[in-house]
Amino acid sequence: MSTRSARPSRPRPPDRPAATYELTFLPGLADVVQSEVADVLGARTPVLIVPGREDSMLVRHSGRPDALLALRTVVASSQVLSFPVPRPRSLASGEYFPAIVDAVVLSARIDGARAFRFEAAGSDSSVFQRLGVQLAHATGLRQEHDPTEDVGAVVLRFRRTPQVDPAGPRPEGWDVLVRLGSRPSSARAWRVADYPGAVNATIAAAIVRLAGVGAGDRVVNLMCGSGTLLIERLLAGPAASAVGVDVSAEAVAAARANVAAAGLGDRLSLVTADIADETWWPSVPADLVLADPPWGTLTGSHANNEDAHQEVLRVAHAITRPGARLAVLTHEVKVMDRVLRGTALWRERAEVRVFQKGHHPRIYLLARAD
């Protein structure tokens, strides 16, 4: 009896050495970010919340660095290079400089960046000037000096090495943090049309995760503005149907442009109407309602916000089925608390406080009371 020789198996590519990355996010969203890290990078990914910081965590990841760009609740992801040097001038030495060059080149290749920029105390000093010239020569990238320009350049931050790491204690020295890609993760490529009071995209992504993503969900976005919540929901996963409604034709036009840029034009419908106008209400009850009522600084009127919040709760109840969920983002915390105490339509499941540029909006997760 003849036998066939076993076909040699293809050698498995070696694992990429694990590297440390810093994830920055809006304070208040640490739990949501950590949950997304487990889903995207793997449940066993080592994670360390940096002591004394409410806006960053360190992770160890051995896969492709650009995999971290799939994290939608993160403001930015940066590779952390730690060097046992007493001062930044030593980073230009042949022993350490090639690692910085490799990280910058890798980051630039992610989205074709053509420039880099330093963020460091004393970045205009002779030490950083020499380092910039040396890095430009080694990478072929130009150095950008405008600190107000946050899109289009690989950003390098410099700091003394914190004595914490998912891999264990680190020696004293200096860190170089190289942001992945030429733009923050929070700067969505689909946002081609801005609109006053638009929801921060990472907050919108957090709301979507907290509210839950079901392929069979019928989703309605009340007061949709320029479409951030609705877009983030559909980018997170399929839905049975999705509708966005806003009384402002200008807002709906902005939403339409953003939806098209996100490639979602055939997956949802946009309506220009007052949310209380029953002519647009869906014929099949919704499972999930998302809402971001105006709060009187950029849009809406503070004096009318209690009525607006009551209307959101009333309409959301009227267009949903039993067991439906409602997620509301609002800066009017006292108003929302008062309105919730005065209604029997919805019961509160959770409340998440977020800190964003001097504002403290809250995410309310509600369940339909039946």
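Our subject is the structure listed above.
Draft legend 1. Looking closely at the overall build of the protein. Looking only at helices and strands, one finds eight helices and 15 strands in the protein. The buried share among the 370 residues of the protein stands at 47%. Taking as baseline every contact in the protein between residues at least 6 positions apart, the subset at least 24 positions apart corresponds to 73%. Just so you have it, the protein exposes about 17900 Å², and 50% of that area is on carbon and sulfur atoms.

Draft legend 2. Inspection of the sheet that holds strand β9 (residues 218–222) at higher detail. Here seven strands make up an open sheet; going across it, the order is β11-β10-β9-β12-β13-β15-β14 and the pairing mixed. Bordering the open sheet on either side are β11 (269–272) and β14 (346–353), each of which pairs with just one other strand. Along the sheet, successive strands turn relative to each other by an average axial angle of 15°, direction set aside. Of the strand pairs in this sheet, β9 and strand β10 (residues 241–246) are connected by five bridges, and their pairing is parallel. When the sheet's bridge partners are listed, Asn221 is paired in β10 with Gly244. The strands touched by helix α6 (residues 249–261) within the sheet are β10 and β11, with β11 carrying the most contacts at an inclination of about 165°. Strands in contact with helix α8 (residues 333–341) are β13 (320–330), β14 and β15 (362–368); relative to β15, the strand with the most contacts, it is inclined by about 15°.

Draft legend 3. Summary view of the environment of Val335. Structurally, Val335 can be placed in helix α8. Given a relative accessible area of 8%, Val335 falls into the buried group. If we ignore the near neighbours within four places in the chain, the residues touching Val335 are Asn305, Glu306 and His309.

Draft legend 4. Local environment of helix α7 (residues 305–318). Look at α7: 20 Å from first C-alpha to last across 14 residues, which is about the 20 Å you get at 1.5 Å a residue. Every buried residue of α7 is listed here: Asn305, Ala308, His309, Val312, Leu313, Val315, Ala316 and His317.

Draft legend 5. A look at unusual backbone geometry. Of note in the backbone geometry, Met223 takes a positive phi value of approximately 50° without being a glycine. For Met223, the position within the fold is in the loop between β9 and α5 (228–236). For Met223, a relative accessible area of 18% gives the class buried.

The rules we used
- Residues numbered from 1 in each chain as written.
- Predicted model: local features only at pLDDT ≥ 70, side-chain atom pairs only at ≥ 80, totals over all residues.
- Heavy atoms only, no water.
- Helix = DSSP H or I, 4+ residues; strand = E, 2+ residues; numbered from the N terminus.
- Buried < 20%, exposed > 50% of the residue type's maximum accessible area, 1.4 Å probe, protein only.
- Contact = heavy atoms within 4.5 Å.
- Areas by Shrake-Rupley, 256 points an atom, 1.4 Å probe, with all protein chains shown as cover.
- Pairing = 2+ DSSP bridges.
- Axes fitted to C-alpha atoms, helices over the stretch in contact; angles between N-to-C directions.
- Expected span 1.5 Å × (residues − 1).

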